[in-house]
Amino acid sequence: MNSTAASAGASGRAPLLGIGQVLARLQPEFPELTPSKLRFLEERGLVTPARTAAGYRKFAEADVERITVVLSLQRDQYLPLKVIREHLDAIDRGETPALPGATSAAVHLGGARRLSRRELVEAAGATRQLLDDAVAAALIVPAEVYGDDALTLLRSLVALRSVGIEPRHLRGIRVAAEREAALIERAIAPERRADPAGKARSGERARELAGELETVHDLALRAAVARLSQ
């Protein structure tokens, strides 16, 4: 046992964990987590593990909880690390900031929802036919269980159907999203070629670019809607 871990145990605190122990604990829920991903999170300022005299990283329970929150927000809200870091930094300062793109961070701290088809329809206040229409329009991918994204989307489709906008009218949105994804893929291709093992870096860069494209799309739509009242 190294001196850092030994002192933690002697003081009655939970022992610090090595990278392998952190991976063993978190990989069942986050199978994409690797040592390089942990190092990348440290480089981005999301977690600050202790170091032994020999330079080995040691993670406290608070570090593991923080990593869990970061990975959950990445997976369930597709947020870039910059946004997640700013949110966590605000919490560290004692603030209670709203999380961009989510109704509450508590949803993610407790784990993402996993809904059956029936539960999804009921939670969204939709009909089975509307879900079928959304799947046919490639707006929702058919699955055994559905998450928060599918629930949010189906709720929006309920509201749109009430004014006569059907899923089939929105196929163009899906096509545009696929075109934008292709743009992002081309943009990060040089990084992937330069560092084939840097999946965490290229994945994070893709999220950042997706956020920029989302901003452009939102502002373009607002401008178009504003012209309707002119």
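Up top you'll find the structure we're talking about.
Remember, it's a predicted structure, so these values are computed and weren't measured experimentally.

The rules behind the values
- Residues numbered from 1 in each chain as written.
- Predicted model: local features only at pLDDT ≥ 70, side-chain atom pairs only at ≥ 80, totals over all residues.
- Heavy atoms only, no water.
- Core = buried A, V, L, I, M, F, W, Y, C linked by side-chain atoms within 4.5 Å.
- Buried < 20%, exposed > 50% of the residue type's maximum accessible area, 1.4 Å probe, protein only.
- Helix = DSSP H or I, 4+ residues; strand = E, 2+ residues; numbered from the N terminus.
- Contact = heavy atoms within 4.5 Å.
- Salt bridge = Lys/Arg side-chain N within 4 Å of Asp/Glu carboxyl O.
- Polar contact = N/O pair within 3.5 Å; in protein donor to acceptor, adjacent residues only side chain to side chain.
- Arc of directions from axis to C-beta.
- Lys, Arg positive; Asp, Glu negative; His and termini not counted.
- Patch = residues over 30% accessible without salt bridge, like charges linked within 9 Å, V, L, I, M, F, W, Y side chains within 5 Å.
- Areas by Shrake-Rupley, 256 points an atom, 1.4 Å probe, with all protein chains shown as cover.
- Expected span 1.5 Å × (residues − 1).
- Axes fitted to C-alpha atoms, helices over the stretch in contact; angles between N-to-C directions.
- Parallel < 35°, antiparallel > 145°, perpendicular 65-115°, else oblique.
- Left-handed = near helix turned anticlockwise from the far one by under 90°.
- Nonpolar A, V, L, I, M, F, W, Y, C, P; charged D, E, K, R; others polar.

Draft legend 1. Representation of the nonpolar core in the model. Counting 24 residues, the largest nonpolar core has Val22, Leu41, Ile67 and Ile84 as its most contacted members. Listing elements by their share of this core, those giving two or more residues are helix H2 (19-26), helix H3 (35-43), helix H4 (61-77) and helix H5 (81-92). Broken down by element, this core gets its largest block of residues, six residues, from H4. If near-sequence neighbours (up to four positions away) are discounted, Leu41 is found in contact with Leu46, Val47, Ile67, Val70, Leu71 and Leu81. Within the second largest apolar cluster, 17 residues are counted, among which are Ala124, Leu130, Ala150 and Leu154.

Draft legend 2. Structural detail: the pattern of salt bridges. Summed over the entire model, instances satisfying the criterion amount to 14 salt bridges. A salt bridge links Asp132 to Arg117; the nearest nitrogen and oxygen atoms lie 2.7 Å apart. In this pair, Asp132 sits in helix H8 (residues 128-136) while Arg117 sits in helix H7 (residues 117-124), placing the two residues 15 residues apart along the sequence. With relative accessibility at 32%, the residue Arg117 sits in the partly exposed group. The salt bridge involving Arg174 is made with Glu178; its shortest N-O contact spans 3.6 Å.

Draft legend 3. Layout of the environment of Arg155. When you line up the elements, Arg155 lands in helix H9 (residues 148-161). Here Arg155 falls in the partly exposed class, since its relative accessible area comes to 40%. For the pair Arg155 and Val121, spaced 34 residues apart in sequence, the C-alpha separation works out to 9.0 Å. Once residues within four sequence positions are removed from consideration, Arg155 is found in contact with Ala123 and Ala124. Only 3.3 Å separates the side chain of Arg155 from the backbone oxygen of Ala123, close enough to count as a polar contact.

Draft legend 4. Structural detail: H2. For H2, every residue scored as buried is listed here: Ile19, Val22, Leu23 and Leu26. Buried residues in H2, looked at end-on, bunch into an arc of 100°, giving them a common side. Facing away from the buried surface of H2 by more than 90 degrees, the exposed residues are Gly20 and Ala24. Contacts made by the buried residues of H2 are with H3, strand E2 (57-58) and H4.

Draft legend 5. Here's a closer look at the side chain of Lys37. Residue placement: Lys37 occurs in helix H3. One buried charged side chain, Lys37, makes no salt bridge at all; its nearest oppositely charged neighbour is Glu32, positioned 4.9 Å away. Side chain to side chain, Lys37 and Gln74 meet in a polar contact 3.1 Å long. When near neighbours in sequence (up to four residues on either side) are disregarded, Lys37 contacts Leu71, Gln74 and Ala200.

Draft legend 6. Up close: a nonpolar patch on the surface. A contiguous nonpolar patch, built from Leu221, Val225 and Leu228 and spanning about 320 Å² of accessible area, is present on the exposed surface. You can see Leu228 is positioned in helix H11 (residues 199-228).

Draft legend 7. Representation of H9 within the structure. Taking 1.5 Å of rise per residue, the 14 residues of H9 would be expected to cover 20 Å, and the 20 Å separating its terminal C-alpha atoms lies within 8% of that figure. Three or more residues of H9 are buried, namely Asp148, Ala150, Leu151, Leu154 and Leu157.

Draft legend 8. Looking closely at the environment of Arg171. Topologically, Arg171 is positioned in helix H10 (residues 171-194). Residues Arg171 and Ala134, spaced 37 residues apart in sequence, show a C-alpha to C-alpha distance of 9.3 Å.

Draft legend 9. Focus on the packing of H7 against H9. Where H7 meets H9, the closest approach of the two axes is 9 Å, and the angle between their N-to-C directions is 50°. Judged by the angle between their axes, H7 and H9 are oblique. Considering only the axes of H7 and H9, their crossing is right-handed. In this structure, H7 contributes Leu120, Val121, Ala123 and Ala124 to the contact, and H9 contributes Ala150, Leu151, Leu154, Arg155 and Val158. In the contact of H7 with H9, the residues fall into eight nonpolar, no polar and one charged.

Note that every value here comes from positions in space, so none of it alone points to a role or purpose.
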